[in-house]
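What follows is each chain in one-letter form.
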Amino acid sequence: MSMKQKLKYYYLYLSTLLQRIHFHKVKIKSLDETIDDILIHKKSISRYGDTELKMMLSKGQIAFQLQSPELSKRLKEVLGSDLDNLIIGLPGPLCSVRTENLDSKYFWLRFINLYGNLISEYLSAEKVYGNAGISRFYLGLKDKRLSVQILGKLKKIWDKKEILIIEGEFSRMGVGNDLFENAAGLSRLVCPAENAFAKYDEILGASKKYGKDKPILIALGPTATILSYDLAKSGYWAIDIGHIDVEYMWMLSKAHTKIPIKGRYVVEVKGERDFEIPEAYRDHYYNSIINTIGL
């Protein structure tokens, strides 16, 4: 970061202090500590990113999920919950932006300026939260060496285990990369790419049917946050891991900005999308699908 960039950031930081006057920095574990909690204690995790927090506040929606009062209500319920076997993950930058690059620092400072005081109402100053950034381990980090370390620990969660992946139609986690090569095997429950929450009851029922005695990895936007909670309540090991595959593909590409990925729906990248699965991976992907919902 150049001196000019530093000065611009600190000017923004100091000039907007009043906007954050009632926002208290919460206690949030490191990425390492959060993954250890999942791995060692087999805890589930429900993650809140900027999208989930805004939708909880009814302050916006995203391209693939419509806002609804029920969705907001459930997100508030999960955030306020206290299950022994569930981690509530919050964005690490709500506590500190020390490990973030400049773009990420700007993003989170502006986010806290707009929503921090509203979010505070739903957070506990005594509680220690997990770090939602476990699946955002590359692009926003200042030190990319940490990315390799975090990825290695994440892969231990499914090492030599049968896993169930619950994902949107065009998420296709692990297709064309080695993310899950160390798993004993995997099956997929494929859900709508958009407005998955409208099919929530069906998704929950199928998750319980196919996810017994195995790690359940979920990439389904705000629906995943709620699904992990409901599954944890029923004794399942559910990990809201959305975006891990996209981050890994960006990592493999040594990307410096958010770029399209062939065969994937990357909501944060605008422009034309190519959903065609490369022929070399097509059969393997379709053979892994155990059921579909709402397609």
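Given the structure is predicted, the values throughout are model-derived calculations rather than measurements.

### Observations regarding the overall build of the protein
Scanning the protein from N- to C-terminus turns up ten helices and nine strands. Against the compact-globule benchmark of 19 Å for 295 residues, the protein has a radius of gyration of 19 Å, which places it among compact chains. Projected onto its principal axes, the C-alpha coordinates of the protein cover approximately 55 × 40 × 35 Å. A total of 295 residues make up the protein; the buried ones form 53% of that total. Considering only contacts in the protein between residues 6 or more positions apart, those separated by 24 or more positions represent 72%. Split by element, the accessible area of the protein, about 14300 Å² in all, is 52% carbon and sulfur. Computed over 43 positive and 35 negative side-chain charges, the separation of the two mean positions in the protein equals 6 Å.

### A closer look at the pattern of salt bridges
Within the structure shown, the criterion is met by 14 salt bridges. Here Arg-47 and Asp-240 are joined by a salt bridge, their closest N and O atoms 3.5 Å apart. Of the two residues, Arg-47 sits in strand E2 (residues 44–47) while Asp-240 sits in strand E8 (residues 237–240), which places them 193 residues apart along the sequence. Here Lys-199 makes a salt bridge to Glu-202, at a shortest N to O gap of 4.0 Å. Because the salt bridges share partners, they merge into one network encompassing Arg-74, Glu-77, Asp-230 and Lys-233.

### Structural notes on the pairing of strand E3 (residues 86–90)
Most of E3 sits out of view: five of its five residues are buried. Both faces of E3 are covered, namely the face carrying Leu-86, Ile-88 and Leu-90 and the face carrying Ile-87 and Gly-89. With four bridges connecting them, E2 and E3 associate as parallel partners. Looking at the pairing, Ile-45 lines up with Ile-87 of E3. As judged from the two bridges shared by E3 and strand E4 (residues 128–131), these two strands associate in the parallel manner. Across the sheet, the residue bridging to Gly-89 is Gly-130, located in E4. One crossover worth recording links E3 to the parallel E4 by way of helix H5 (residues 102–120), and it is right-handed.

### As for the pairing of strand E7 (residues 215–219)
The buried count for E7 comes to five of five residues, which makes it a mostly enclosed element. Bridge count for strand E5 (residues 162–168) against E7 is four bridges, and the pairing is parallel. Bridge pairing links Ile-165 to Leu-217 in E7. The parallel pair E7 and E8, bridged by helix H8 (residues 222–233), forms a crossover whose chirality is right-handed.

### Quick look at the side chain of Glu-247
Considering the arrangement of structural elements, one finds Glu-247 in helix H9 (residues 244–252). Buried Glu-247, no salt bridge; nearest opposite-charge side chain is Arg-136, N-O distance 4.3 Å. Excluding anything up to four places from it in sequence, Glu-247 contacts Ser-135, Arg-136, Phe-137, Tyr-138 and Leu-139.

### Digging into the nonpolar core
Nonpolar side chains tend toward joint burial in soluble globular proteins. Counting residues in each nonpolar core, the largest one holds 57 residues, and the members touching the most others are Leu-90, Leu-94, Ile-166 and Ile-218. Of the residues forming this core, the biggest block, eight residues, is contributed by H5.

### Considerations on the environment of Tyr-281
Counting through the fold element by element, Tyr-281 comes out in helix H10 (residues 279–287). Classification of Tyr-281 as partly exposed rests on a relative accessible area of 36%. A sequence separation of 105 residues divides Tyr-281 from Gly-176, and the C-alpha atoms of the two residues are 6.4 Å apart. With residues near it in sequence (within four places) discarded, Tyr-281 still touches Val-175 and Gly-176.

### Considerations on the packing of helix H1 (residues 3–15) against H5
It is at 11 Å that the axes of H1 and H5 come closest, and there the two elements cross at 10 degrees. Taken together, the axis directions place H1 and H5 in an arrangement best described as roughly parallel. When H1 is examined against H5, the residues Gln-5, Lys-8, Tyr-9, Leu-12 and Tyr-13 are found in contact with a partner set consisting of Leu-102, Lys-105, Tyr-106, Leu-109 and Arg-110. Residue classes in the contact of H1 with H5 are distributed as six nonpolar, one polar and three charged.

### Considerations on H9
Burial of H9 is extensive: eight of the nine residues sit out of reach of the surface. Along H9, the residues classified as buried are Ile-244, Asp-245, Val-246, Glu-247, Tyr-248, Met-249, Trp-250 and Met-251. Elements in contact with the buried residues of H9: helix H6 (145–157). Just downstream of H9 lies Lys-254, where phi reads positive at about 55 degrees.

Quick notes on the rules
- Residues numbered from 1 in each chain as written.
- Predicted model: local features only at pLDDT ≥ 70, side-chain atom pairs only at ≥ 80, totals over all residues.
- Heavy atoms only, no water.
- Helix = DSSP H or I, 4+ residues; strand = E, 2+ residues; numbered from the N terminus.
- Rg over C-alpha atoms; globule rule 2.2 N^0.38 Å.
- Buried < 20%, exposed > 50% of the residue type's maximum accessible area, 1.4 Å probe, protein only.
- Contact = heavy atoms within 4.5 Å.
- Areas by Shrake-Rupley, 256 points an atom, 1.4 Å probe, with all protein chains shown as cover.
- Lys, Arg positive; Asp, Glu negative; His and termini not counted.
- Charge placed at Lys NZ, Arg CZ, Asp CG, Glu CD.
- Salt bridge = Lys/Arg side-chain N within 4 Å of Asp/Glu carboxyl O.
- Pairing = 2+ DSSP bridges.
- Right-handed = clockwise from strand over helix to strand, strands pointing away.
- Core = buried A, V, L, I, M, F, W, Y, C linked by side-chain atoms within 4.5 Å.
- Axes fitted to C-alpha atoms, helices over the stretch in contact; angles between N-to-C directions.
- Parallel < 35°, antiparallel > 145°, perpendicular 65-115°, else oblique.
- Nonpolar A, V, L, I, M, F, W, Y, C, P; charged D, E, K, R; others polar.

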